[in-house]
Amino acid sequence: MVDKYRRDALEMDRLQEKEAAALGIQVERFLNKELSRILQRVAKGDLPPLEVAKILNQMESELRAAGLEKIFEGLAKTYKKELDLIAAQFKESTGKDLVLSGTDITAIETLITFETTAQVNNVRTQLDNIRSAIFRQAIAGVRPDISTIVAEAGGATAGQIETEIRTNLAGFQRAITLSKAEEVGADYFLYIGGLIETSREFCIERDGKVFTAEQIADWDNGQGLPADIYLGGYNCRHSLRPISKELAEDLGLI
């Protein structure tokens, strides 16, 4: 049974990694293409600084017009895939259906909206970095290295978005599991996911062990993130699997 749960946890982790990576790649390609188009006049290096500033100030509105927000519309589908897996695993673990109330659904929809806004803001942060780098070169009379600046910014944005999406999907899974487990009276949770070379000490100490909701609530991962939701921290690959006290005893885990 523990091996089955471990395989399920790896399946969940692979889904989160795949979805987050796909979105990161999509963002990087979009930025590389659209920013190169928007900044092609600046790349020639023969514009006065004020003209460069005008083009830079229009970058965000032009990216939005090119479909920046549309890239993140797929987040709703990603969360739906995640929720389907959560429901299947919850049913297997507790024997109960995962029932979402109207309030739950509204909360999930709000979460997706917040997530979309946060990722657009990540892009905006990188736009500020791009503007600053290009304008400094324009003031100094240096021909801006647009391709390098755009490539580096696109890669940095994609990496940050990938990390945040993956971390937030995992947090979503754990939050739903914890709240719904409490509703059906499941008080024990198996910390599952296996260990890899880069596993944190926090996870090494807990992997394969069983904990109560009260114990989990007192955890501190030292990462500045709530440990009951984010476990070891950013990119943590582990899950909390609700199990009965009887199963935990049968498996010799308590």
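For the structure given in this document, a descriptive report is provided here. (Residues numbered from 1 in each chain as written. Predicted model: local features only at pLDDT ≥ 70, side-chain atom pairs only at ≥ 80, totals over all residues. Heavy atoms only, no water.)

### Here's the deal with the overall build of the protein
As a reminder of what qualifies: Going along the chain from the N terminus, every DSSP run of H or I of four or more residues is numbered as a helix, and every run of E of two or more is numbered as a strand. Burial here depends on accessible area, computed with a 1.4 Å probe over protein chains only, as a share of the maximum for the residue type. Under 20% is buried, over 50% is exposed, and the range in between is partly exposed. The criterion used for residue contact is that any of the two residues' heavy atoms lie within 4.5 Å. Only the protein chains shown count as cover for residues, with accessible areas throughout obtained via the Shrake-Rupley method and a probe of 1.4 Å.
In terms of helices and strands, the protein carries 12 helices and 3 strands. Along the first, second and third principal axes, the C-alpha set of the protein runs to 75 × 40 × 25 Å. Evaluated residue by residue, the protein yields a buried proportion of 46% over its 254 residues. Long-range pairs, those at least 24 residues apart, make up 77% of the contacts in the protein with a sequence separation of at least 6. Carbon and sulfur atoms make up 51% of the accessible area of the protein, which amounts to about 12900 Å² in all.

### Notes on a negative patch on the surface
To keep things clear, this is the line we draw: Like charges are joined within 9 Å and nonpolar side chains (Val, Leu, Ile, Met, Phe, Trp, Tyr) within 5 Å, but only among residues with over 30% relative accessible area and no salt bridge; these make up the patches. Any carboxyl oxygen of Asp or Glu within 4 Å of a side-chain nitrogen of Lys or Arg constitutes a salt bridge here. Charge assignment: positive for Lys and Arg, negative for Asp and Glu; neither His nor the chain ends contribute. To locate a charge, take NZ of a lysine, CZ of an arginine, CG of an aspartate or CD of a glutamate.
There is a patch of like negative charges on the surface, built from E182, D187, E214 and D218. Residue placement: E182 occurs in helix 8 (residues 146-183).

### Some remarks on helix 6 (residues 75-94)
Keep this limit in mind: In this analysis, the expected span of each helix is defined as 1.5 Å times one less than the number of residues it contains. This arc is built from the directions going out from the helix axis to the C-beta atoms.
With 20 residues, helix 6 extends 28 Å between its outermost C-alpha atoms, agreeing within 8% with the 28 Å of an ideal straight helix rising 1.5 Å per residue. All of the buried residues along helix 6 are L75, T78, Y79, E82, L83, L85, I86, Q89, F90 and S93. For helix 6, the angular spread of the buried residues around the axis is 170°, confining them to a single face. The elements touched by buried residues of helix 6 are helix 1 (2-38), helix 7 (102-139), helix 8 and strand 3 (239-243). Immediately beyond the C-terminal end of helix 6, within one or two residues, lies G95, with a positive phi of roughly 75°.

### Remarks on the side chain of D8
We apply this condition: N or O atoms closer than or at 3.5 Å make up a polar contact, with two conditions inside protein: a donor-capable atom paired with an acceptor-capable one, and, for residues adjacent in sequence, both atoms drawn from side chains.
Within the element layout of this structure, D8 appears in helix 1. The exposure class assigned to D8 is buried, which follows from its relative accessible area of 8%. In this structure the side chain of D8 is engaged in a polar contact, spanning 3.0 Å, whose partner is the side chain of R241. If near-sequence neighbours (up to four positions away) are discounted, D8 is found in contact with Q89, E92 and R241.

### Quick look at empty space enclosed by the protein
Basically, it comes down to this: Here a cavity denotes a set of grid points, spaced 1 Å apart and computed over the protein atoms alone, in which a 1.4 Å probe fits but from which it cannot get out, and a pocket denotes an open set meeting protein on both sides within 12 Å along at least five of seven lines; residues with an atom within 4 Å of a point are reported as lining. Grid points are joined across faces, edges and corners, and a volume is the space filled by probe spheres set on the points.
For the coordinates displayed, the defined rule picks out 1 cavity of 30 Å³ or more. One number sums up the size of the largest cavity: a volume of about 50 Å³. If you trace the largest cavity, you find it lined by I86, Q89, F90, Q173, T177, L240, R241 and P242. Among the secondary structure elements, those contributing two or more residues to the lining of the largest cavity are helix 6, helix 8 and strand 3.

### Notes on the layout of surface pockets
Worth spelling out the cut-off: Any residue that is not Ala, Val, Leu, Ile, Met, Phe, Trp, Tyr, Cys, Pro, Asp, Glu, Lys or Arg is counted as polar, Gly included; the first ten are nonpolar and the last four charged.
One number sums up the size of the largest pocket: a volume of about 150 Å³. Across the lining of the largest pocket, the residue classes tally to 4 nonpolar, 4 polar and 4 charged.

### Section: the nonpolar core
The condition that has to hold: Nonpolar cores are built from buried Ala, Val, Leu, Ile, Met, Phe, Trp, Tyr and Cys residues. Side-chain atoms within 4.5 Å join them into one set.
If you look at the biggest cluster of nonpolar residues, it comprises 61 residues, and the most contacted ones within it are L39, F72, I130, I134, Y191 and W219. Top element by residues in this core is helix 8. It accounts for 11 residues. Ignoring sequence-local partners within four residues, the contact set of I134 consists of L39, V42, V52, L56, P144, I146 and I149. Y188, I192, V210 and A248 belong to the second-largest nonpolar core, a separate cluster that totals 10 residues.

### Focus on the pairing of strand 1 (residues 188-192)
Most of strand 1 sits out of view: 5 of its 5 residues are buried. Burial along strand 1 is two-sided: the face carrying Y188, L190 and I192 and the face carrying F189 and Y191 are both buried.

### Some thoughts on the side chain of T157
Topologically, T157 is positioned in helix 8. On the basis of relative accessibility, which here comes to 0%, the residue T157 falls in the buried class. Residues within four places of T157 in sequence aside, it is in contact with V27, L31, N122, V123 and Q126.

The analysis is restricted to geometry; functional conclusions fall outside its scope.
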